[in-house]
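Notes for the structure review
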Amino acid sequence: SRSVIKLLELFMESGLKCDAAISMVNSLLETGCDRMVSATVDLCTIDLYNGKATFLKLGAVSSAIRRRGKVETVVVSSVPIGLVSRIENIPSCLPVDRFLEPDDDIIMFSDGVIEAFKSKGHSDADFYSFIEALQTSNPKTLADAILNMALSACGGVPKDDMTVMCAHIGKG
């Protein structure tokens, strides 16, 4: 997965659009130049001038934007990179744009986090209610609280990767 992220980063920083970068990485994966056949991509870029966040999700679970104590989910149904061109009639890149406001929190997490929570019989709605109830906007504290909740739900023994990344949007 690191090599996929690094390649996407290099291609997009060099000025390639999302579709072109995804297509190039897909092609590389299909040639078998790396042992990896597919990888999940969960990416968010933020335009600091206009507040537009662009989410690119290939095989990734939803993300969340918390605004004034309410959570809005960012959901895109897609397959992981490396599988995109093998499935017909699926666009290779489906970015989703959201406009951010000061004091918004962006919360991104791996499927292992939400699956651990759901393993105790909770729903996605319960998970997002938990996030809404957290009384902090500090990204580290927010990420730690979500990760600790997931670890607690699975008895401290994760069945899958558990990653949480948070960002807080400051004022002006």
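Below you will find a few notes about this structure. Quick caveat: nothing in here was measured; it's all calculated off a predicted structure. (Residues numbered from 1 in each chain as written. Predicted model: local features only at pLDDT ≥ 70, side-chain atom pairs only at ≥ 80, totals over all residues. Heavy atoms only, no water.)

1. Quick word on the side chain of Arg67
Note on placement: Arg67 falls in strand S3 (residues 63–67). A polar atom in the side chain of Arg67 sits 2.9 Å from the backbone oxygen of Phe99. Those residues in contact with Arg67 that sit more than four places away from it in its chain are Phe99, Leu100, Glu101 and Asp104. (Helix = DSSP H or I, 4+ residues; strand = E, 2+ residues; numbered from the N terminus. Polar contact = N/O pair within 3.5 Å; in protein donor to acceptor, adjacent residues only side chain to side chain. Contact = heavy atoms within 4.5 Å.)

2. Notes on the layout of surface pockets
Its volume calculated, the largest pocket comes out at about 450 Å³. Considering the residues around the largest pocket, the lining is formed by 16 residues, among which Thr40, Asp42, Ser110, Asp161 and Thr163 are closest to the centre. Listing elements by their share of the lining of the largest pocket, those giving two or more residues are helix H1 (2–13), strand S1 (41–46) and strand S6 (105–109). Residues belonging to the lining of the largest pocket are distributed by class as follows: 7 nonpolar, 5 polar and 4 charged. (1 Å grid on protein atoms, 1.4 Å probe; cavity = no way out; pocket = protein on both sides within 12 Å on 5 of 7 lines; lining within 4 Å. Points joined across faces, edges and corners; volume = space filled by probe spheres on them. Nonpolar A, V, L, I, M, F, W, Y, C, P; charged D, E, K, R; others polar.)

3. Digging into the sheet that holds strand S2 (residues 52–58)
The strand order across the open sheet built from 3 strands is S1-S2-S5, with neighbouring strands paired in antiparallel fashion. Whereas interior strands pair on both sides, the edge strands pair on one side only; in this sheet they are S1 and strand S5 (96–99). Across the sheet, the mean angle separating the axes of adjacent strands is 20° when strand polarity is ignored. Strand direction decides the pairing type here: S2 and S5, joined by 4 bridges, are antiparallel. (Pairing = 2+ DSSP bridges. Axes fitted to C-alpha atoms, helices over the stretch in contact; angles between N-to-C directions.)

4. A short note on the packing of aromatic side chains
Enumeration according to the criterion identifies 4 aromatic pairs in this entry. Following the ring pairs from residue to residue traces out a cluster consisting of Phe109, Phe117, Phe127 and Tyr128. (Phe/Tyr/Trp six-rings, centres within 6.5 Å; stacked < 30°, edge-to-face > 60°.)

5. Topic: the sheet that holds strand S7 (residues 164–168)
Each strand in a sheet pairs with its neighbour through backbone hydrogen bonds, running either in the same direction (parallel) or in the opposite one (antiparallel). Across the sheet, which stays open at both edges, the 4 strands sit in the order S4-S3-S6-S7 with antiparallel pairing between neighbours. Every other strand in the sheet has two partners, leaving strand S4 (70–74) and S7 as the edge strands with one partner each. For this sheet, the mean inter-axis angle between neighbouring strands, taken without regard to orientation, is 20°. Across 5 bridges, the pairing between S3 and S4 is antiparallel. Counted as the bridge partner of Ile65 is Glu72 from S4. Helix H4 (residues 124–133) contacts S3, S4 and S6 of the sheet and is inclined by roughly 130° relative to S4. Sitting on the sheet, helix H5 (residues 139–153) touches S3, S6 and S7, and the angle it makes with S7 is about 150°.

6. Some details on helix H2 (residues 18–31)
With 14 residues, H2 extends 20 Å between its outermost C-alpha atoms, agreeing within 8% with the 20 Å of an ideal straight helix rising 1.5 Å per residue. The secondary structure elements touched by the buried residues of H2 are H1 and S2. (Expected span 1.5 Å × (residues − 1).)

7. Examining H1
The end-to-end C-alpha distance of H1, which contains 12 residues, comes to 16 Å, matching closely the 16 Å that a straight helix rising 1.5 Å per residue would cover. Its buried side turned inward, H1 meets H2 and S1. In the segment just after H1, Gly15 is the residue with positive phi, at about 105°.

8. Concerning the packing of H1 against H2
Helix-helix packing: each pair is described by the crossing angle between the helix axes and the interaxial distance. The contact between H1 and H2 brings their axes to 9 Å, and the two run at 140°. With respect to their mutual orientation, H1 and H2 come out oblique. Crossing of H1 against H2: the hand is right-handed. On the side of H1, the interface is formed by Val4, Leu7, Leu8, Phe11 and Met12, while H2 contributes Cys18, Ala21, Ile22, Met24, Val25, Leu28 and Leu29. (Parallel < 35°, antiparallel > 145°, perpendicular 65-115°, else oblique. Left-handed = near helix turned anticlockwise from the far one by under 90°.)

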